[in-house]
Amino acid sequence: MEVVIENRIAEFRKELGLSQHKLAKAIGMKRRSIMAYENNTISPTLETAYKICKVLNKDIKEVFIFK
């Protein structure tokens, strides 16, 4: 069974007026990682997903959609 995970990182990030660079800096990563997450090229670790959600002030179920 394959799990597909989509996310709403870009949508919520833009609502807060955060650039990819600012979000990346807030969680201790590089902008390239945020870009890859938003493009669904790679998925963040659970720890990174949690950090992203904390910065975005959202529940993990709002940001990450499991299909």
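All of the points below concern the structure found in this document. (Residues numbered from 1 in each chain as written. Predicted model: local features only at pLDDT ≥ 70, side-chain atom pairs only at ≥ 80, totals over all residues. Heavy atoms only, no water.)

**Topic: helix α4 (residues 46–56)**
Every α-helix carries 3.6 residues per turn, so stepping three or four residues along brings you back to the same face.
Then, in step 1: When we look at burial in α4, the residues that qualify are T48, A49, I52, C53 and L56. Mapping the buried residues of α4 onto a view down its axis gives an arc of 140 degrees, with all of them on the same face. α4 presents E47, Y50 and K54 as exposed residues on the side facing more than 90 degrees away from its buried surface.
Then, in step 2: In this structure, the buried residues of α4 make contact with α1 (9–15), α2 (20–27), α3 (31–38), α5 (60–63) and β2 (64–66).
Then, in step 3: Immediately beyond the C-terminal end of α4, within one or two residues, lies N57, with a positive phi of roughly 60 degrees. (Buried < 20%, exposed > 50% of the residue type's maximum accessible area, 1.4 Å probe, protein only. Helix = DSSP H or I, 4+ residues; strand = E, 2+ residues; numbered from the N terminus. Arc of directions from axis to C-beta. Contact = heavy atoms within 4.5 Å.)

**Details of α2**
Then, in step 1: Residues of α2 that are buried include every one of Q20, L23, A24 and I27, and no others. What you see down the axis of α2 is that its buried residues fit within an arc of 100 degrees, all on one side. Exposed residues pointing more than 90 degrees away from the buried face of α2 are listed as K22 and K25.
Then, in step 2: The secondary structure elements touched by the buried residues of α2 are α1, α3 and α4.

**Regarding the packing of α2 against α3**
For any two helices packed against each other, one specifies the crossing angle of their axes together with the interaxial distance.
Then, in step 1: Put simply, α2 and α3 touch, their axes get as near as 8 Å, and they point 110 degrees apart. One finds that α2 runs roughly perpendicular with respect to α3. Counted together, Q20, H21, L23, A24 and I27 of α2 and R31, I34, M35 and E38 of α3 form the full contact between these two elements.
Then, in step 2: Classifying every residue of the contact of α2 with α3 gives five nonpolar, two polar and two charged. (Axes fitted to C-alpha atoms, helices over the stretch in contact; angles between N-to-C directions. Parallel < 35°, antiparallel > 145°, perpendicular 65-115°, else oblique. Nonpolar A, V, L, I, M, F, W, Y, C, P; charged D, E, K, R; others polar.)

In short, the description is geometric, and any link to function would need to be established separately.
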